[in-house]
Amino acid sequence: MEIATQLQQVERRIEAAAQQHQRNPTTVQLLAVSKTKPASMVQVAYDAGQRHFGENYLQDALEKIEALPLKGIVWHFIGAIQSNKTRTIAENFDWVHGVDRLKIAQRLGAQRPTEQKPLNICIQVNSSGESSKAGVTFEELPNLAQQIAKLPGVQLRGLMTLPAPASNLQQQRRPFQQLREALEALNQSGLNLDTLSMGMSGDMEAAIAEGATIVRIGTDIFGARG
Ligand SMILES: *Cc1c(COP(=O)(O)O)cnc(C)c1O
């Protein structure tokens, strides 16, 4: 498996999807999801020019962050957040995508070291309404967003979602469209959000069609996870 080649193929897919929808490809950032993969693979992707990496499992991530003190590398925490882990997350990452409770956002902000820039966060929305999934409902979102936007130590950047798998492009686009509309509504109510974190290996084209600004791609770069 050639990580550099696969990375390039994913970049081409981003470009093609962006162009198809009259978007500038540079407005779609590729987040390489390296969860469960070794530091050596992150290094290969970095050497090929990739800078943003996403991790779900804190211990696994910390080992890689420590092993790879590389210039310009940016770490995103995209996993479930336990409240007793917020300090470690606030100290070691620049982005957190899965915030769905005020208490977690408060802790992240309070524990963010003051010499670092505010922690960028996205609110996770449960866009497909499955009760098993993390994230707030679209109904709960406006209130939570207004409260998080006022907190010190964090900068609310936008929304993230991880919808249920859908088989065709039209079905895939629906939750992403809802997320975009929710972001637009929040901005109309006075917030200033610029990030839609949506789209994975299987549905990134649909997400880009609906305005994704960050796509989170694991499998199609690093291969299937064991
Ligand atoms: C694992 C994961 C991804 C990447 O999924 P792939 O299908 O491997 O591209 C994206 N987002 C989140 C939140 C994940 O947990």
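Relevant structure appears above.
Anyway, here's the lowdown on the structure attached to this text.

Conventions we followed
Residues numbered from 1 in each chain as written. Predicted model: local features only at pLDDT ≥ 70, side-chain atom pairs only at ≥ 80, totals over all residues. Heavy atoms only, no water. Buried < 20%, exposed > 50% of the residue type's maximum accessible area, 1.4 Å probe, protein only. Helix = DSSP H or I, 4+ residues; strand = E, 2+ residues; numbered from the N terminus. Arc of directions from axis to C-beta. Contact = heavy atoms within 4.5 Å. Near = heavy atom within 4 Å. Polar contact = N/O pair within 3.5 Å; in protein donor to acceptor, adjacent residues only side chain to side chain. Nonpolar A, V, L, I, M, F, W, Y, C, P; charged D, E, K, R; others polar. Pairing = 2+ DSSP bridges.

Remarks on helix α2 (residues 39–47)
The complete set of buried residues in α2 reads Met-41, Val-42, Ala-45 and Tyr-46. The buried residues of α2 all sit within an arc of 145° when viewed along its axis, so they share a single face. Contacts from the buried residues of α2 go to α1 (3–20), β2 (52–55), α3 (58–67), β3 (74–77) and α9 (219–222). Positive phi appears at Gly-49, one or two residues downstream of α2, with a value of about 110°.

Some remarks on the site of the ligand
In the vicinity of the ligand lie 13 residues, with Lys-35, Asn-56, Ser-201, Gly-218 and Thr-219 positioned nearest. Between the ligand and the protein, one listed contact pairs an oxygen atom with a backbone N or O atom of Gly-218 at 2.8 Å. The side chain of Thr-219 places a nitrogen or oxygen atom 2.5 Å from an oxygen atom of the ligand. Across the shell around the ligand, the residue classes break down as six nonpolar, four polar and three charged.

Overview of helix α5 (residues 102–111)
Each α-helix turn comprises 3.6 residues. Residues three or four places apart therefore point the same way. Within the span of α5, buried status applies to Ile-104, Ala-105, Leu-108, Gly-109 and Gln-111. Residues of α5 that are buried sit in contact with α4 (86–92), β4 (95–99), β5 (119–125), α6 (141–149) and β6 (154–161).

Points about the pairing of β4
β4 sits mainly inside the fold: five of its five residues count as buried. As judged from the two bridges shared by β3 and β4, these two strands associate in the parallel manner. When the sheet's bridge partners are listed, Phe-77 is paired in β4 with Val-96. As defined by bridge partners, β4 adjoins β5 across three bridges and the pair is classed as parallel. When the bridges of β5 are listed, Val-96 appears paired with Ile-121.

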